[in-house]
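What follows is each chain in one-letter form.
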Amino acid sequence: MRLLVVEDEQRLAAAVKWGLESHGFVVDVVHSGPEALWAAEEHEYGAIILDVMLPGLNGYRVCETLRRGGDTTPIMMLTAKDGEYDQAEGLDTGADDYLTKPFSYVVLVARVRALLRRGGGAPAPLEIGDLVLDPAARTCRRGEQRIELTAREFAVLECLARRRDVVVTKREILDQVWDPHYEGDVNVVEVHISSLRRKIDQPFDRRTLETVRGMGYRLTGSTR
């Protein structure tokens, strides 16, 4: 699930991005109102976390502009203001939730997940044979046996499950699970694929996670 964080305090923006990504989300960050409008128009997001005090255009006006343009993406206002009139203004301009600073990352993640559920952004479970991946609950199981995955492993598997039987390249996985601007070693994908095989296939005598040499990876419902 890709999220947009709009926050002009760069250290806080980086911390929010890290906190959300550690729970399996893919996060884009911008630092001004105009950038927020551009990003929301160019990309599809599961939710937007929007600061109120922004350069160029404040969060209230960003939210109002998005709603007037027909954008129904769930929006959470993130701000230091905690007065009831400030909250009312945020909700009146079209925001779905309101979280004041300072905040707990546990609460932030829980509120984001609740926002996704309320906004219809919580996806249905993905079934690949007897392998079931539930993005909303962040759970994975093979038949009745639950499989414990790290946040990044879960995100890689979800990326492949959403394109069942289609070859997905390393670059596509990096763009979806890490970041479009990731410049590290692309072999990090192979490391996570190997780890996933040890968890979802080998203990169950399955070969659902395939390597297509020279092209990428494919997740199938095969039981061979």
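Residues numbered from 1 in each chain as written. Predicted model: local features only at pLDDT ≥ 70, side-chain atom pairs only at ≥ 80, totals over all residues. Heavy atoms only, no water.

Novice: Can you help me understand the sheet that holds strand 1 (residues 2-6) in this one?
Specialist: Sheet strands associate in pairs through backbone hydrogen bonding, adopting either a parallel or an antiparallel arrangement. Strand order across the open sheet formed by five strands is 2-1-3-4-5, with parallel pairing between neighbours. Single-partner strands in this sheet number two, and they are strand 2 (26-30) and strand 5 (97-100). Taken over all neighbouring pairs, the strand axes of this sheet differ in orientation by 20° on average, direction set aside. Along the sheet face, helix 3 (residues 59-68) touches strand 3 (47-51), strand 4 (75-79) and strand 5 and points at about 170° away from the line of strand 4. (Pairing = 2+ DSSP bridges. Helix = DSSP H or I, 4+ residues; strand = E, 2+ residues; numbered from the N terminus. Axes fitted to C-alpha atoms, helices over the stretch in contact; angles between N-to-C directions. Contact = heavy atoms within 4.5 Å.)

Novice: Please explain the side chain of histidine 192 as it appears in this structure.
Specialist: Mapped onto the elements, histidine 192 comes out in helix 8 (residues 188-201). The contacts of histidine 192, once residues within four sequence positions are left out, are Arg152, Glu153, Val156 and Trp178.

Novice: Whenever I open this one, unusual backbone geometry confuses me. Can you help?
Specialist: Note: most peptide bonds trans; most residues except glycine with negative phi. Residues other than glycine seldom take positive phi values, yet aspartate 165 does so here, at roughly 70°. In this structure, aspartate 165 sits in the loop between helix 6 (151-161) and helix 7 (170-178). Phi at aspartate 205 is positive, roughly 55°, even though this residue is not glycine. When you line up the elements, aspartate 205 lands in the loop between helix 8 and strand 10 (209-212).

Novice: How do you make sense of the nonpolar core when you look at a structure like this?
Specialist: Inside soluble globular proteins, nonpolar side chains tend to come together where they are buried. Formed by 27 residues in total, the largest nonpolar core has its most connected members in Val156, Leu157, Leu160, Ile173 and Leu219. When residues of this core are traced back to their parent elements, those giving at least two are strand 6 (126-128), strand 7 (131-134), helix 6, helix 7, helix 8 and strand 11 (216-219). The leading source of residues in this core is helix 6, at seven residues. Every residue in contact with leucine 160, bar those within four places of it in the chain, is listed here: Val168, Ile173, Ile193, Leu209, Tyr217 and Leu219. With 19 residues, the next largest nonpolar core counts Val6, Ala39, Tyr60 and Ala95 among its residues. (Core = buried A, V, L, I, M, F, W, Y, C linked by side-chain atoms within 4.5 Å. Buried < 20%, exposed > 50% of the residue type's maximum accessible area, 1.4 Å probe, protein only.)

Novice: Please clarify how the confidence of the model for the protein should be interpreted in this entry.
Specialist: Predicted confidence across the protein gives a mean pLDDT of 85, with 89% of residues reaching 70 or more. Helix 4 (residues 84-92) is the least confidently modelled element of the protein, averaging 63 in pLDDT, while strand 9 (residues 145-147) averages 95, the highest of any element. (pLDDT = per-residue confidence, 0-100.)

Novice: Which parts of the structure should I look at to understand the sheet that holds strand 6?
Specialist: The strand order 6-7-8-9 describes an open sheet built from four strands, whose pairing is antiparallel. A single partner strand is all that each edge strand has here, and the edge strands are strand 6 and strand 9. When strand polarity is set aside, the average angle formed by the axes of neighbouring strands in this sheet is 25°. The pairing of strand 6 with strand 7 spans three bridges and is classified as antiparallel. Across the sheet, residue glutamate 127 finds its bridge partner in strand 7, namely valine 132. Docked against the sheet, helix 6 engages strand 6, strand 7 and strand 8 (139-142), running at close to 110° with respect to strand 7.

Novice: Looking at this structure, how should I read the pairing of strand 4?
Specialist: Look at any regular strand and the pattern is simple: side chains alternate between the two faces of the sheet. Here strand 4 lies mainly inside the structure; five of its five residues are buried. Burial along strand 4 is two-sided: Ile75, Met77 and Thr79 facing one way and Met76 and Leu78 facing the other are all buried. Examined bridge by bridge, strand 4 and strand 5 share four bridges and lie parallel to one another. Bridging from a neighbouring strand, methionine 76 pairs with aspartate 97 of strand 5.

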